Amino acid sequence: MLDINQFDQINPPARLLMGPGPINADPRVLRAMAAQLVGQYDPSMTGYMNEVMALYRALFRTANRWTMLVDGTSRAGIEAILVSAIRPGDRVLVPVFGRFGHLLCEIARRCRAEVHSIEVPWGQVFEPQAIEDAIKRVKPRLLLTVQGDTSTGQLQPLAELGEICRRHDVLFYTDATASFGGNALETDAWGLDAVSAGLQKCLGGPSGSAPITLSEKLEAVIRRRQHVEEGIRTEAHQDGEDERIASNYFDLGMVMDYWGPERLNHHTEATSMLFAARECARLILQEGLDNTIARHALHGAALLRGVQGLGLDTFGDPDHKMNNVLCVRIPEGIPGEPVRGLLLNDFGIEIGTSFGPLQGKIWRIGTMGYNARKDCVLQTLTALEAVLRRLGFRAPEGGGAQAAWDYYDQQAADAS
Ligand SMILES: *Cc1c(COP(=O)(O)O)cnc(C)c1O
């Protein structure tokens, strides 16, 4: 028999989440989520949906009409775009520089794409020329990229890829989940046809909603497939061409019809998550997107100074580091997991472990969203030093927090 008295009210421990995401949600986002529900077609609800579209157009820096939410975690946004855009047999090219590039390959294969990938060693990113060379060789219909891959802390430059894609008539997508809001992203200026994101990294919300934006060109691709589904075949359709989208939930044609003026019933929009997504965007735009990105750059750089001040090495190409994730090499002779354990249990601070080729070799420390703050950085460095010294690593006394603190003072002096 289930003894219900053994189940207490939810009351999670106080944690400072300084890993690669999720991070602590901004309390204002949590308060927005606590708002009472309204009906799916209540004018206030459809009004909020329209506001969300406007707010995210500003965040994505786009005029794209179809800028909206996919209900689900960031992966739902990725999957909705891929399953809606990729026709079985389409060739896609994926430049892989970390774990999330492999995820794009995996999802594209399930969409029955012919998947071609190119790779660089973890810790590096691609030169635009290497991607163009691969496009010439593979002749893909879509280029699927990751902007910031949290597994390596690297940020792939995207600014030049749109023009390359345009020249070769390739659709251009990026997964910006980890980087969005903390690093520059210019959907229109960079020629992106689709971008997806999530709330739990630089946007300062919980996971569970995936903001996306789609170009007109990509909309046309999706509409053609939707019309096949609806039995409308134009002369342009060859037999078997534009096979129907193999998902109902992730059919972005239907999602557009729900978010558009038709308001055709599809899913029931996840109201509390929409409130969260709206508050995340509102807070950033109130701060000013450029200021938010600059804040991520400041605290990311301060953390780097502090980690170096502790005598630790970092991993990856420093010229292509994400503002919001730092990969720190675990020093020789120090066990990685006990460090994380003491930080969590005795200081309430979470930092990240790592995957694949980097497992056991690096920690990943994040400074993003609500936690891209001076107090979070100084607390984390102070605790990390204490834990390292306790486990026998001879970190310079006070070397971490003082170096970060000096950096903050220097930046403040330079700014005034
Ligand atoms: C964190 C992250 C995701 C996460 O997806 P979820 O479904 O929200 O867990 C996806 N892509 C990238 C690049 C990420 O860093």
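Since this is a predicted model, take the numbers as computed values, not measurements.

1. Some words on the side chain of Arg-141
Topologically, Arg-141 is positioned in the loop between helix H5 (128-138) and strand S5 (142-146). A relative accessible area of 19% means that Arg-141 is categorised as buried. Setting aside residues no more than four positions away along its own chain, Arg-141 makes contact with Ala-85, Arg-87, Asp-90, Arg-91, Val-170, Leu-171 and Val-221.

2. Re the site of the ligand
Near the ligand, the surroundings consist of Thr-73, Ser-74, Arg-75, Phe-100, Val-146, Gly-148, Thr-150, Asp-175, Thr-177, Ala-178, Gln-200 and Lys-201. The contact in question runs from an oxygen atom of the ligand to an N or O atom on the side chain of Ser-74, over 2.6 Å. Between the ligand and Asp-175, the relevant distance is 2.7 Å, taken from a nitrogen atom to a side-chain nitrogen or oxygen of the residue. Protein burial of the ligand: of its 390 Å² of free accessible surface, 87% is covered by the chains. Grouping the amino acids of the shell around the ligand by side-chain chemistry returns three nonpolar, six polar and three charged.

3. Description of the packing of helix H10 (residues 289-309) against helix H13 (residues 399-415)
It is at 7 Å that the axes of H10 and H13 come closest, and there the two elements cross at 140°. Where H10 crosses over H13, the two elements pack in a sense that is right-handed. Side by side, H10 and H13 meet where Leu-298, His-299, Ala-301, Ala-302, Arg-305, Gly-306 and Gly-309 of the first sit next to Gly-399, Gly-400, Ala-403, Ala-404, Tyr-407, Tyr-408 and Gln-411 of the second. For the contact of H10 with H13, a count of residues per class yields seven nonpolar, six polar and one charged.

4. Looking at the domain arrangement of the chain
What the domain assignment reports for the chain is domain 1 (27-284) and domain 2 (289-415). Contact residues are listed per partner, giving 27 residues for domain 1 and 23 residues for domain 2. Taking both partners together, domain 1 and domain 2 bury about 2100 Å²; carbon and sulfur atoms supply 62% of that area. One can count one salt bridge joining domain 1 with domain 2. As a salt-bridge pair, Arg-61 and Asp-290 come within 3.2 Å of each other at their nearest N and O atoms. In this structure, the connection of domain 1 to domain 2 is made through 10 residue pairs in polar contact (both at pLDDT 80 or more). Only helix H2 (43-60), strand S6 (148-149) and strand S7 (154-155) provide two or more residues apiece to the side of domain 1 that touches domain 2. Residues belonging to the side of domain 1 that touches domain 2 are distributed by class as follows: 11 nonpolar, 12 polar and four charged.

5. Observations regarding the UniProt feature "binding site: substrate" (unreviewed entry) in the chain
UniProt's feature table lists "binding site: substrate" (unreviewed entry) at Arg-364, given in the numbering used throughout. Tracing the backbone shows Arg-364 in strand S13 (residues 362-366).

6. Looking at a nonpolar patch on the surface
On the surface, Leu-2, Ile-4 and Phe-7 cluster together to form a nonpolar patch covering roughly 360 Å² of accessible area. Within the element layout of this structure, Ile-4 appears in the segment before strand S1 (16-17).

7. A look at the UniProt feature "modified residue: N6-(pyridoxal phosphate)lysine" (unreviewed entry) in the chain
Mapped onto the present numbering, the UniProt feature "modified residue: N6-(pyridoxal phosphate)lysine" (unreviewed entry) falls on Lys-201. Inspection of the secondary structure assignment puts Lys-201 in the loop between strand S9 (194-196) and strand S10 (209-214). Contact partners of Lys-201, with chain neighbours within four places excluded, come to Pro-20, Gly-21, Ile-23, Thr-150, Thr-177, Ala-178, Met-368 and Gly-369.

8. A few points about the pattern of salt bridges
Scanning the entire structure with this criterion turns up 18 salt bridges. A salt bridge links Glu-163 to Arg-167; the shortest N-O distance between them is 3.6 Å. Residue Glu-163 and its partner Arg-167 are both found in helix H6 (residues 161-167); the two are separated by four residues, about one turn of the helix. Looking at Glu-163, the relative accessible area reads 36%, which means it is partly exposed. Through salt bridges with shared partners, a single ionic network connects Glu-132, Glu-163, Arg-166 and Arg-167.

Parameters and conventions
Residues numbered from 1 in each chain as written. Predicted model: local features only at pLDDT ≥ 70, side-chain atom pairs only at ≥ 80, totals over all residues. Heavy atoms only, no water. Helix = DSSP H or I, 4+ residues; strand = E, 2+ residues; numbered from the N terminus. Buried < 20%, exposed > 50% of the residue type's maximum accessible area, 1.4 Å probe, protein only. Contact = heavy atoms within 4.5 Å. Near = heavy atom within 4 Å. Polar contact = N/O pair within 3.5 Å; in protein donor to acceptor, adjacent residues only side chain to side chain. Areas by Shrake-Rupley, 256 points an atom, 1.4 Å probe, with all protein chains shown as cover. Nonpolar A, V, L, I, M, F, W, Y, C, P; charged D, E, K, R; others polar. Axes fitted to C-alpha atoms, helices over the stretch in contact; angles between N-to-C directions. Left-handed = near helix turned anticlockwise from the far one by under 90°. Domains from an automatic or database assignment. Buried area = accessible area lost by both parts, 1.4 Å probe. Salt bridge = Lys/Arg side-chain N within 4 Å of Asp/Glu carboxyl O. UniProt positions renumbered as here; feature names shortened; annotations may be inferred. Patch = residues over 30% accessible without salt bridge, like charges linked within 9 Å, V, L, I, M, F, W, Y side chains within 5 Å.

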